[in-house]
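Spelled out, the chains give:
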Amino acid sequence: MNIMQIVAIGLTAAILALIVRQQRPDIAMMISLAAGTILFLMILGNLKSVVTVVNQLSRKASLDTIYLSTVLKVIGISYIAEFGAQICRDAGESSIASKIELGGKVLIMMLAVPILSALLETILKALP
Amino acid sequence: MDVDLIFKIAAIGILIAVINQVLTRAGREDMAMMTSLAGVIIVLLMIVDLISRLFNSVKSIFHLY
């Protein structure tokens, strides 16, 4: 899974989308959607190994798994929200894209609240 | 990986455009609309399982439930 393969697929999909865009703009959008999905499915293998290594390191350092899983959730949510928002923006629906991004932000904030409260408690305890 | 899916979608798109032109020239606008709808639905079916695979793998990697 090298960079040349990724660039080749991306370029061919872009060219095909351009060809089809004159007659069928909806099919062109679907080509770009399919290309984005295929590229990310290819990258996921490497990402999975990175995530497992980070997990093992955190377990060895006896970190609390709640923090690492929250960070991973935030990364996942932000990626999916960005993926959907970008596709909608390509299709010309920037208002829907901003709504998707707003939803993503709210979900990430919801995930961050328990960590913030834990942080505040530790700070308050540390104060004399 | 299923890179040929992109080529299949492009082929269907071009095919629909050609069929549309032929049918409109022959004076059958309704058939032209039908074929373009059918083509779009076929492409959607191909894309839906791809996206479901993407979401399942992201869910499994990032422990998103």
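Residues numbered from 1 in each chain as written. Chains lettered and ligands numbered in written order. Predicted model: local features only at pLDDT ≥ 70, side-chain atom pairs only at ≥ 80, totals over all residues. Heavy atoms only, no water.

Engineer: With reference to specific residues and values, describe the overall build of chain B.
Structural biologist: Scanning chain B from terminus to terminus reveals 2 helices and 0 strands. Dimensions of chain B along its principal axes, counting C-alpha atoms only, are 55 × 20 × 10 Å. Counting over 65 residues, chain B shows a buried share of 40%. Summed over all atoms, the accessible surface of chain B reaches about 3,900 Å², with 74% contributed by carbon and sulfur. (Helix = DSSP H or I, 4+ residues; strand = E, 2+ residues; numbered from the N terminus. Buried < 20%, exposed > 50% of the residue type's maximum accessible area, 1.4 Å probe, protein only. Areas by Shrake-Rupley, 256 points an atom, 1.4 Å probe, with all protein chains shown as cover.)

Engineer: Account for the domain arrangement of chain A, naming residues and giving values.
Structural biologist: In many reports, interface size means the accessible area that the parts give up when they come together. All names here are of chain A. What the domain assignment lists for chain A is domain 1 (1-45) and domain 2 (64-128). The C-alpha-based centres of domain 1 and domain 2 are spaced at 28 Å. Taken together, the contact pairs 5 residues of domain 1 with 4 residues of domain 2. Taken together, both faces of the contact between domain 1 and domain 2 bury some 440 Å²; the carbon and sulfur share is 82%. The largest share of the area that domain 1 buries against domain 2 comes from Met29, Leu33 and Phe40, three residues that together contribute 70% of it. For the pair domain 1 and domain 2, the interface holds 0 residue pairs in polar contact (both at pLDDT 80 or more). Per-class residue counts for the side of domain 1 that touches domain 2 are 3 nonpolar, 2 polar and no charged. (Domains from an automatic or database assignment. Contact = heavy atoms within 4.5 Å. Buried area = accessible area lost by both parts, 1.4 Å probe. Polar contact = N/O pair within 3.5 Å; in protein donor to acceptor, adjacent residues only side chain to side chain. Nonpolar A, V, L, I, M, F, W, Y, C, P; charged D, E, K, R; others polar.)

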